[in-house]
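Observations on the model geometry
The residues making up each chain are set out below.
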Amino acid sequence: MSEPTHIVITGANRGIGHALGEHFRAAGNRVTGTSRDGSAGLALDVVDPAQHRAVADALAGQAVDLLICNAGVYLDKGQALDDGYPPRMWQDTFAANVTGVFLTVQTMLPLLRLSEAPKIAIISSQMASQTNAPGGSYIYRASKAAALNLGRNLAADLRGEGIAVGIYHPGWVRTDMGGGGADITVDQAATGLMARFKALSLDSTGCFETWDGRSHPF
Ligand code: NDP
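Residues numbered from 1 in each chain as written. Predicted model: local features only at pLDDT ≥ 70, side-chain atom pairs only at ≥ 80, totals over all residues.

Per an unreviewed UniProt entry, the protein carries the name SDR family NAD(P)-dependent oxidoreductase and comes from Sedimentitalea arenosa.

Here it is, written out as structure tokens:
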């Protein structure tokens, strides 16, 4: 492709999303970052349909080659099984981690269809896996499992249009969410994920992979 690749990233103001934006820009790509506060470029709370419409208007007619659904919350860290996990926490988590991903894909689909080789990357988590179920973090695990399921079904629906969809575990990353004791830096996560996104194709659509290139059990 002669033009720089256009990449859209949600939650690009901090953490993994911010690092991905920096690395993709440094590699010569055009990056449209979105964030709730607008500081990453465009204002987008992924749960807000009106803001999705505004973003669609702002980018109208511009091909998007890679959409990275990165924005997410982990609200139930440390909740107690007996008296924690209030209903509102379920709603807020699913709104951001599941509905938000779906709305973002809907918003970007017309722009992805303008690309020669469109891809969607969904940042889920190893905590989505049915084979990794040690208990705890019920809300986050369920929301990321739903995002994984969503990605798998999008892959089936969009394969015929030539849009590849990958679902990723970004590693345990030192961010506000991952904490200071996590395994890897945002730069390591971003570098690894970029290689995964590059390798994503219609042959691998629907994959669930880790940042360092391993297939993750569903
Ligand atoms: P951070 O908490 O550092 O950043 C989360 C980002 O998501 C922020 O930019 C935040 O914006 C944004 N966000 C949250 N809710 C919304 C919303 N409703 N609309 C728009 N943006 C929103 O997390 P990480 O960078 O660590 O996580 C990025 C992704 O990676 C998440 O999906 C997370 O679940 C996943 N992940 C992270 C792991 C880790 O170890 N860090 C491990 C596995 C998965 P704001 O500043 O406005 O809050």
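Resuming the write-up.
Here the focus is the packing of helix α1 (residues 15–26) against helix α5 (residues 186–199). Relative orientation of the contacting elements α1 and α5 amounts to 60°, with a least axis distance of 9 Å. Along this stretch, α1 crosses α5, giving a crossing that reads as right-handed. Contacts from Gly15, Ile16, Ala19, Leu20, His23 and Phe24 in α1 reach Val186, Asp187, Ala189, Ala190, Thr191, Leu193 and Met194 in α5. Residues of the contact of α1 with α5, tallied by class, amount to nine nonpolar, three polar and one charged. (Axes fitted to C-alpha atoms, helices over the stretch in contact; angles between N-to-C directions. Helix = DSSP H or I, 4+ residues; strand = E, 2+ residues; numbered from the N terminus. Left-handed = near helix turned anticlockwise from the far one by under 90°. Contact = placed C-beta atoms within 7 Å. Nonpolar A, V, L, I, M, F, W, Y, C, P; charged D, E, K, R; others polar.)

Another point: the nonpolar core. Leu67, Ile68, Ile120, Ala121 and Ile122 are the most contacted members of the largest nonpolar core, which totals 49 residues. Here this core gets seven residues from one element, more than from any other, and that element is helix α4 (residues 138–158). Look past the residues within four positions of Ile68 in its chain and what remains in contact with it is Ile7, Val8, Ile9, Leu20, Ala121 and Ile123. Counting residues in hydrophobic clusters, the runner-up holds five residues, among them Leu44, Val55, Ala71 and Ala96. (Core = buried A, V, L, I, M, F, W, Y, C linked by C-beta atoms within 7 Å. Buried ≥ 20, exposed ≤ 12 C-beta atoms within 10 Å, placed from the backbone.)

Strands sit in the order β3-β2-β1-β4-β5-β6-β7 across an open sheet of seven strands; the sheet is parallel. Every interior strand has two partners, whereas the edge strands, β3 (41–43) and β7 (207–210), have only one. Taken pair by pair, the neighbouring strands of this sheet meet at an average axis angle of 20°, ignoring direction. Across four bridges, strand β4 (residues 66–69) lies against strand β5 (residues 119–123) in parallel orientation. (Pairing = 2+ DSSP bridges.)

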